[in-house]
Amino acid sequence: MSSNKFRNYTPLIISVSVVVGILIGSFYASHFRSNRLSIANSSNSKINDMLFAIEDRYVDTVDIGELIENSLPKILSELDPHSTYTTAKEVEAEMQELRGSFSGIGVIFSILQDTARILHVVEGGPSEDVGLMPGDRIVKVDGKPFVGDFLTDDYAMKHLRGADKSVVKLGILRKGQKGLRTFEIVRGAVPVKTIDVYSMLDKNTGYIKINTFGDKTYEELLVALADLRNQGSRNLVIDLRGNGGGYMEAAINIANQFLPKKRMIVYTEGRKTDRANYVSDGRGDYQNTPLVVLVDETSASASEIFAAAIQDNDRGTIMGRRTFGKGLVQEPIQFPDGSLLKLTVARYYSPSGRCLQKPYIKGDDKDYQNDLLVRYQKGELTSQDSIHLDGKQYHTSLGRTVFGGGGVMPDVFIPTDTSDITSYYMEALTSRRLAEFAYQYADNNREELGKFANWEELAAHLKKENIVEKFANYAEKDGLKRRNLLIRKSARRLEHNLISSIIDYIFDSKSASLYLLTDDPCANKALELIRDKRTFPEKPEQKTNGNNKNANDNEQKTVSAKAKNSRSK
């Protein structure tokens, strides 16, 4: 009987206890607030108490949300250079390229003299449907001025891109027509290609330029490979210069196309992350295709995974300059507001066991960010002898020596040519006078230049037009002092820049890239290696005793042991 009475009073007892607890908590919060920081027993509570104190007692009004947003990047900077915090807005912009599409009006534009000028209209895109044309100038967006010093690439993209099916009104000035024309455009999906260009370099050699590793890169590559094979490609050059990385999975899938079965592509491991091995399955269609991979100092992350997998497995030749050196794996952690934490959770290792991450100092990334400038100043970009890697030695499957601790060192070094870079050229480039002249020349002569059947014919025509002299005259009128000796010294580089830009404006960026390839030292050297059948690395020479058969057997055992030891690290 008494127990039943107790059960009847239980809800009341619990309610009273909760109320008393709240009152006691409120009492301590109000009377001992000044002591809260002193009794914090963890770093987490210190941060919470600090934010509470700022909000409650700071001399000025503080937006705590904004304070936290600004503080997060500083906290992460104490870890490593690649653990980062990205706002929701920045996340959306970054993901569009990797996803392979975004919602917009479907034009490629350039801002010249404070005006957004349409260079190309994307085929099948919203702008093509309403009749926008190359050369059109966007001067109003939704009735507001779109011309002036305030106009930047970011500002323009923010106002031209938007939600799918949303409507935007553009005020357009068109050459040869009077007055302002208004176009109403319904935004839609605009494809973003991660493979800039693919084409035949000669009758037997295909070329593929990958600008990033995104969701659709592997699919794009398969299409390019099949097309090139149909055109007669039996050799391949893959260009990763300027490719800053992207999705590791895309690089792994592409490497799988070229490697025999059961070859390590890459493995990852971290303090709280178990080792994960990524091994080829032997189903790739291009396992025996002669291959050259082009890299430079801006090839990073996923680009390095692919290049190192090819190099360590002695599958092809890596050519160019030492890569960037990013060997850290980030895990994306999404916040409810759409912002993103990219936290380094592991390192990735090449098949030989090397980590390609270059050195860094926690909390001080100044030297890290300036690394490429330091390389240039030390002469590393122009002389292989200036390259000094302090990393540990590793060995490829054939026993060739490779190094960790600072990117992928190419098998064939190709220096950058700076001999014709002058102060005149740099001023012409950075002031955008080169781009402005090329656009004006193309726009003023669009009808005549558009009659050429292809970029080769247009390039041949422009080489006869003394285009450098015409630019020098234009630039002089625009305030760039004429310096004939420097102009002559930079003439070849000036001509290449101008002609490629004009080809881009008249045809497209693919045509401009193919024009530049005609005088590309890396591409030319790659063709030389392919024609000489020297794309597959050979075993390094070793001092041996006895007959050749025994020597080869001994060498193979040694190489296998080294490979096994490297993988176990």
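Every value quoted in this text rests on a predicted model; they were computed, and no experiment measured them.

Visitor: Any chance you could break down a nonpolar patch on the surface for me, citing the residues and the numbers?
Guide: A contiguous nonpolar patch, built from Ile421, Met426 and Leu429 and spanning about 210 Å² of accessible area, is present on the exposed surface. As for its placement among the helices and strands, methionine 426 is situated in helix H12 (residues 423-430). Judged by its relative accessible area of 34%, methionine 426 falls in the partly exposed class.

Visitor: Now, about the nonpolar core: what can you tell me, with residues and values included?
Guide: The biggest cluster of nonpolar side chains holds 50 residues, and the ones touching the most others in it are Met319, Tyr424, Ile467, Phe471, Leu494, Ile502 and Ile503. Look past the residues within four positions of phenylalanine 471 in its chain and what remains in contact with it is Tyr424, Ala428, Arg433, Leu434, Phe437, Leu494 and Leu498. Formed by 38 residues, the second largest nonpolar core is a distinct cluster that contains Ile195, Ile238, Ala308 and Ile318.

Visitor: Give a detailed account of the layout of surface pockets, specifying residues and quantitative values.
Guide: By volume, the largest pocket is sized at about 1,300 Å³. Forming the boundary of the largest pocket are 33 residues, of which Ile108, Val122, Pro191, Lys193 and Ser509 lie nearest the centre. For the lining of the largest pocket, the secondary structure elements donating two or more residues are strand E3 (107-112), strand E4 (115-121), helix H6 (153-160), strand E9 (188-191), strand E10 (195-202), helix H7 (217-230) and helix H19 (509-517). Per-class residue counts for the lining of the largest pocket are 17 nonpolar, five polar and 11 charged. Residue lining of the second largest pocket: 34 residues in total, with Arg241, Arg493, Leu516, Asp520 and Pro521 positioned closest to the centre. Put simply, the parts of the chain that give the lining of the second largest pocket at least two residues each are E10, strand E11 (205-210), H12, helix H18 (491-506), H19 and helix H20 (521-531). Ranked by the residues each element gives to the lining of the second largest pocket, the list is headed by H18, at five residues. Here the lining of the second largest pocket is built from residues that sort into 15 nonpolar, six polar and 13 charged.

Visitor: Describe the packing of aromatic side chains, and please don't skip the residues or the numbers.
Guide: The tally for this structure, following the rule as stated, stands at 14 aromatic pairs. Here phenylalanine 146 and tyrosine 155 contribute two aromatic rings whose centre-to-centre distance is 6.1 Å and whose plane-to-plane angle is 35 degrees, an arrangement assigned as tilted. Judged by relative accessible area, tyrosine 155 falls into the partly exposed class, the value being 29%. Here the aromatic rings of phenylalanine 258 and phenylalanine 306 are separated by 6.1 Å at their centres, their planes lie at 75 degrees, and the arrangement is edge-to-face. On the criterion of sequence distance, the pair formed by phenylalanine 258 in the loop between helix H8 (248-256) and strand E13 (264-269) and phenylalanine 306 in helix H9 (residues 302-312) is long-range, its members being 48 residues apart. Look at phenylalanine 258 and you get buried, because its relative accessible area is 0%.

Visitor: So, the pairing of strand E15 (residues 291-295): which residues are in play, and what are the values?
Guide: Most of E15 is tucked away: five of the five residues are buried. Residue alternation in E15 divides its side chains into two sets, Leu291, Val293 and Val295 and Val292 and Leu294, and both sets are buried. Pairing geometry for strand E12 (residues 235-239) and E15, over four bridges, is parallel. When the sheet's bridge partners are listed, valine 237 is paired in E15 with valine 292. Sheet topology places E15 next to strand E16 (residues 317-320); four bridges connect them, and they run parallel. Opposite leucine 294, over in E16, you have methionine 319 as the bridge partner.

Visitor: Break down the side chain of serine 500 for me, with residues and values.
Guide: Mapped onto the fold, serine 500 is located in helix H18. Within polar-contact distance, the side chain of serine 500 engages the backbone oxygen of histidine 496 at 2.9 Å. Not counting residues within four places of it along the chain, the set of residues in contact with serine 500 comprises Ala512, Tyr515 and Leu516.

Visitor: Residue-level account of helix H13 (residues 433-444), with values.
Guide: The terminal C-alpha atoms of H13 lie 16 Å apart, and with 12 residues this matches the ideal 16 Å at 1.5 Å per residue to within 8%. In terms of residue burial, H13 counts as a mostly covered element, since 10 of its 12 residues are buried. Listed in full, the buried residues belonging to H13 are Arg433, Leu434, Ala435, Glu436, Phe437, Ala438, Tyr439, Tyr441, Ala442 and Asp443.

Visitor: Please provide a residue-by-residue account of the sheet that holds E11, values included.
Guide: Strand order in the open sheet formed by six strands is E10-E11-E12-E15-E16-E21, and the pairing between neighbours is mixed. Each of the sheet's edge strands pairs with one partner strand only, and the pair in question is E10 and strand E21 (412-413). Relative to E21, E16 runs parallel, the two being bridged by two bridges. By the bridge assignment for E21, glycine 320 is matched with phenylalanine 413. Contacts from H19 reach E10 and E11 within the one sheet, and its direction differs from that of E10 by about 45 degrees.

Basis of the calculations
- Residues numbered from 1 in each chain as written.
- Predicted model: local features only at pLDDT ≥ 70, side-chain atom pairs only at ≥ 80, totals over all residues.
- Heavy atoms only, no water.
- Patch = residues over 30% accessible without salt bridge, like charges linked within 9 Å, V, L, I, M, F, W, Y side chains within 5 Å.
- Areas by Shrake-Rupley, 256 points an atom, 1.4 Å probe, with all protein chains shown as cover.
- Salt bridge = Lys/Arg side-chain N within 4 Å of Asp/Glu carboxyl O.
- Helix = DSSP H or I, 4+ residues; strand = E, 2+ residues; numbered from the N terminus.
- Buried < 20%, exposed > 50% of the residue type's maximum accessible area, 1.4 Å probe, protein only.
- Core = buried A, V, L, I, M, F, W, Y, C linked by side-chain atoms within 4.5 Å.
- Contact = heavy atoms within 4.5 Å.
- 1 Å grid on protein atoms, 1.4 Å probe; cavity = no way out; pocket = protein on both sides within 12 Å on 5 of 7 lines; lining within 4 Å.
- Points joined across faces, edges and corners; volume = space filled by probe spheres on them.
- Nonpolar A, V, L, I, M, F, W, Y, C, P; charged D, E, K, R; others polar.
- Phe/Tyr/Trp six-rings, centres within 6.5 Å; stacked < 30°, edge-to-face > 60°.
- Pairing = 2+ DSSP bridges.
- Polar contact = N/O pair within 3.5 Å; in protein donor to acceptor, adjacent residues only side chain to side chain.
- Expected span 1.5 Å × (residues − 1).
- Axes fitted to C-alpha atoms, helices over the stretch in contact; angles between N-to-C directions.

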